[in-house]
Each structure stands twice: as C-alpha cells, then as structure tokens.
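Each chain, written out:
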Amino acid sequence: MKRLRVRWRLTLWYGAVLMLLVVSFGSAIYAMTRQNLMSRVDTYVIEELREFSVELDLHEGGDETLADFLDERFFDHGEYDFQVQSMDGKVLFASTRLVNHPLAANPRLSYKKVVLDTRLLPGHGYRRVGVVRYQGPTGEFILQSGTSLQNEFAQLQSLATILISVGLLTVAIALVGGYLLAGKALSPVGDMANSARRITAANISDRLEVTNPNDELGHLAMTLNSMIDRLQDVIEETRRFTADAAHELRTPLAVMQTEAEVALRNERSLEEYREVVQVNLNATKRLARMADQLLQLSRLDVARGKSAYDEIRLDALVSDVVETLRPLADQKHVSLRVESIRPCLILGDDIQLSRVFYNVIENAIKYTPDGGSVIVDASCNEHRVSVRVTDSGQGIPASSIPKIFDRFYRADQSRSRSTDANGGSGLGLAIAKSIVDAHHGKISVSSKQGNGTSVEIEFPVAA
Ligand code: ATP
Ligand code: MG
C-alpha cells in the first residue's frame, strides 16, 4: 500500500485524536443530561404513586367498587396514567390512556421500592413506568403509574444534534488548521530536499542552510552537512589521487618516448641502442611496479573492514620478510639484524602484513647508505605487540614526517622522479598505513635528519 505523505499522516493523526476527545466529551455530556432528566421524571413518578396509594388507603370497600372510587379521581389525571391490578394480574382500574393498552406487571415487584422502567405505549410513545406492590385496607394490589418521556426525548435529541454538529465543525476546522500547520512545520524539509538535490560533485562545497541549530530540522541539516563534509573530503582526496597518479605515470612514459624518438632520429651503434633499451626497461619496471601498487591500494580501499582474519605468528612473519630482503641489504652492504623477537600472535591477513613489513624494511635498506645498519626488534605484552625498524640512514626532515604516509609523497623529490627502477613512487608507506589501520594497529615514524629513522608498528594481540 502506498504510504500517505507525512503532512497528511500528521493531519489525520491530529484529527483522529481530536475526534476521540470530542466523542468522549460529547458522550459524557449527553449521558449526564440524560441521567438528570430521567431522575427528575422518576422522582415525579414515584411521588405520583405515593399520592395514589395514599388515596387508595381512603377506600374502605363497601358499596362503592374500587374502579368507581378511582374513576372519579384518577381516570383523567393530566400527564400521569394509573393502573391497579389484582395480584393474579387482573386489571381492576386503568386510567384513560391505559384502558385499551393495559400495562403488563413488572415481575420485579417489591413492597418498599418502586421499580422503574421505560416502555412503549402504542399510540402514546415512550413512557416511564413505576410499579409497586400495595397492601391496603381492602387487599393487596399491583399499582402502576407512568408518564410520557416525549419532552425529555425531544430535549435529548436537540442536545445530540447540537453536540454532533459542533463536534463535526470542530474536527473539520482542526483538520484544515492541522493540514496548514503541518505544511508550515514541514516546509523547511522541502527546502532542504531542494538544496540537497542541487549539490553535486561539481559544487560539493555548497551546504544546506541551518535556520535554527537547536531544533530537529536544524540537527538534520547539520547532520547532512557533516555527511557532505566527509563526501567532499573523499571526492577531493580522489581527485588529488587521480591527478597525482596521472602525473607519476606521465614521467616514465615521457622518458620512454623521448629516448625512443632520439634513438630513431639517426643511425646508432649497438651500444647506444642497448642503452636506450635499458632506460626503457627501467621505466617499464617502474610503471609496472606503480600499477601493482595502485592496484593494491584500490583493493585495500574496497576491502576495508571486510577481510576475515586468521591468527598470525607475527615473529615468524617478520623473520620471513627479513630473509626475503637480505639479498638487497647484502647488495647495498647494509647490515640487517633481527633482535629480541618473541613469539606473539595477532589477528590478521598474512599477505597484507608481509607487505607492511616489506615496505618498511625495504625503505630502511633503500634510504641507508653503504655500510649502515638496519635493526628489527619486537616486544609484546598481553595487550599489544610492537615491531620497530631502526636504520642508520639519511633520516627524514621534520617537515616531511606528517606527510610521509600520503599517497605519492617522497621526502627526497630529486631521486624519485628518476627513471631508476628502484626509485620509489611514494606509495609504499601509504599502503602500509592502510593495512595497519585495517588491522586496528598504529604506525608511526620518528627521525632526525642525518641520524637515522625509526618506524614503529603496533597491533593488538589476539585474545
Ligand atoms: P615506494 O615505497 O612506493 O617504492 P617510496 O619508498 O619513495 O616509494 P614510501 O615508502 O611511501 O615511498 O616512502 C615515502 C618517502 O619517505 C620516501 O620517498 C622517503 O623519502 C621517505 N622515507 C621512508 N622511509 C625512510 C627511511 N627509512 N629513511 C629515510 N627516508 C625514508
Ligand atoms: Mg618505500
């Protein structure tokens, strides 16, 4: 079923609640008035019966029959009707309106209490009738007295008409008012939707207007604005990343193109061709490595928070990575040592974690001159395990440290743009940080330029 618009829903709820109030209030007034009218009629009927029985006490039998005795006084008694029956139900006297329609005796008879009920008397409408058992000097009888309810019913009917029409009018006015008010209260939502619809990637710096920061709609606008803030960050980050990636890819491609064009311009010696192919091979290696790193980063972005982790022996994993990188260290005459590493378990993805330590230890070797040293050590307590990679290399300028984990950032710009196949693209630490973050860990760098660098990576221990 199609849901009604909020404006209509609010209005209908409002109308329904008001209708309930009006109906209860009206019914209470009606019931009270009816009760008052009836009890007044009942008092008169009881009084008439009392007077009737007092009169009856005066009849002492003798020559005058009961019917004759009563005919004189009660046959036509204004609004009131009277009837006398013997205990076996025989009608002994009935006043004018009852002659042709005697009242049946109410079976709930009592001597003391007048029993009252409402009956329909053919041709005379509804009547209130009281009945009582009577013991007089001439015997025991059933006495009944009744009177018309026409007046009371007419009064109740006009009261009902007034209550229903006033009630309907109130509800109708309330519905119209409620509809207008709901529209007014909800109009900022419509404005907000229109403003939100206008915000696209092209004008992502626009924000929704916050008219009153303290009400619910103000909160909604502020929440949407902070969501747009986050989207803006992501969009700007993506734009920056795309621009940087294009820029990084362009350099080796330009080198390859220039080398090839220059080589083709004249006839070259074999040695010269060999050199061109070597330069192009280096540029190709660099491109391939960058493509691989970009792919890793985008996979990490997609898989964020979705990977299922296993228990990993971190000490064994670090030792494996160190052994993989030992040939590079040997080649650079850098001493690579693992110190004090104890068995410790963490939850993680072993391929991704290997990549973290590979990137960090590779940096330490790469940025440490010949004859330097790289030391890897790990410590763990019951909550956290921390691995530190310390080198004796060139260090990182203090101004570069906050940007070191940014994508494509290199502290030493001069070497990296070279076509040297080992020249980094500035993605290694960005990848490492993404992986460490996904493992709820922490990676930090401390360094003094010219005095070596220390990278510390922490993870929570598997429970
Ligand atoms: P890639 O790792 O993508 O091949 P890269 O090594 O240049 O390239 P990162 O690993 O992200 O990129 O490192 C970023 C920059 O931080 C490096 O270019 C380098 O200038 C600096 N850096 C990182 N580690 C060290 C270190 N141990 N000593 C000195 N500088 C470092
Ligand atoms: Mg690196």
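Attention in this report is confined to the structure presented alongside it. In this text, all values refer to a predicted model and were calculated from it rather than measured experimentally.

Cut-offs and rules
Residues numbered from 1 in each chain as written. Chains lettered and ligands numbered in written order. Predicted model: local features only at pLDDT ≥ 70, side-chain atom pairs only at ≥ 80, totals over all residues. Heavy atoms only, no water. Pairing = 2+ DSSP bridges. Helix = DSSP H or I, 4+ residues; strand = E, 2+ residues; numbered from the N terminus. Axes fitted to C-alpha atoms, helices over the stretch in contact; angles between N-to-C directions. Contact = heavy atoms within 4.5 Å. Buried < 20%, exposed > 50% of the residue type's maximum accessible area, 1.4 Å probe, protein only. Expected span 1.5 Å × (residues − 1). Near = heavy atom within 4 Å. Polar contact = N/O pair within 3.5 Å; in protein donor to acceptor, adjacent residues only side chain to side chain. Areas by Shrake-Rupley, 256 points an atom, 1.4 Å probe, with all protein chains shown as cover.

1. Section: the sheet that holds strand β5 (residues 139-148)
- Judged by pairing direction, the sheet is antiparallel, and its 5 strands sit side by side in the order β2-β1-β5-β4-β3 without closing on themselves. Only two strands of the sheet have a single neighbouring strand rather than two, namely β2 (91-94) and β3 (115-121). The average undirected angle you get between the axes of adjacent strands in this sheet is 25 degrees.
- Direction of pairing for strand β4 (residues 125-136) relative to β5: antiparallel, over a ladder of 10 bridges. For V132, the partnering residue across the bridge sits in β5 and is L143.
- Contacts between helix α2 (residues 66-74) and the sheet are confined to β1 (80-86), β2 and β5, with β2 contributing the most and set at about 15 degrees to the helix.

2. What about unusual backbone geometry?
- The phi angle at H333 is positive, at roughly 55 degrees, despite the residue not being glycine.
- For H333, the location among the structural elements is in the loop between α6 (314-331) and β7 (335-339).
- Using a relative accessible area of 53% as the deciding quantity, one classes H333 as exposed.
- In this structure, H440 is a non-glycine residue whose phi angle is positive, near 55 degrees.
- Take H440: it is sitting in the loop between α9 (428-438) and β11 (442-447).

3. Some details on the side chain of T368
- Relative to the helices and strands, T368 resides in the loop between α7 (350-366) and β9 (373-380).
- Classification of T368 as buried rests on a relative accessible area of 1%.

4. Description of helix α4 (residues 216-265)
- With 50 residues, α4 should cover 74 Å at 1.5 Å per step; its first-to-last C-alpha distance of 72 Å lies within 8% of that length.
- Taken as a whole, α4 has its buried residues at G218, A221, N225, I228, Q232, A245, E248, P252 and A263.
- On its buried face, α4 is in contact with α3 (150-198) and α5 (270-303).

5. Notes on the sheet that holds β9
- Strand order across the open sheet formed by 5 strands is β7-β9-β10-β12-β11, with mixed pairing between neighbours. On the outer flanks of this sheet lie β7 and β11, each paired with one strand and no other. With direction set aside, neighbouring strand axes in the sheet form an average angle of 15 degrees.
- The pairing of β7 with β9 spans 5 bridges and is parallel. What sits directly across from S335, in β9, is S373.

6. Some points on the site of ligand 1
- Within the structure, ligand 1 sits among 21 residues, and R289, Q293, N363, Y367 and L429 are positioned closest to it.
- One nitrogen or oxygen atom from the side chain of Q293 is found 2.9 Å from an oxygen atom belonging to ligand 1.
- G428 places a main-chain nitrogen or oxygen 3.0 Å from an oxygen atom of ligand 1.
- In isolation ligand 1 offers 590 Å² of accessible surface; the protein chains occlude 98% of this area.
- Contributions of two or more residues to the shell around ligand 1 are made by α5, α7 and α9.

Any functional reading would require information beyond the geometric quantities listed.
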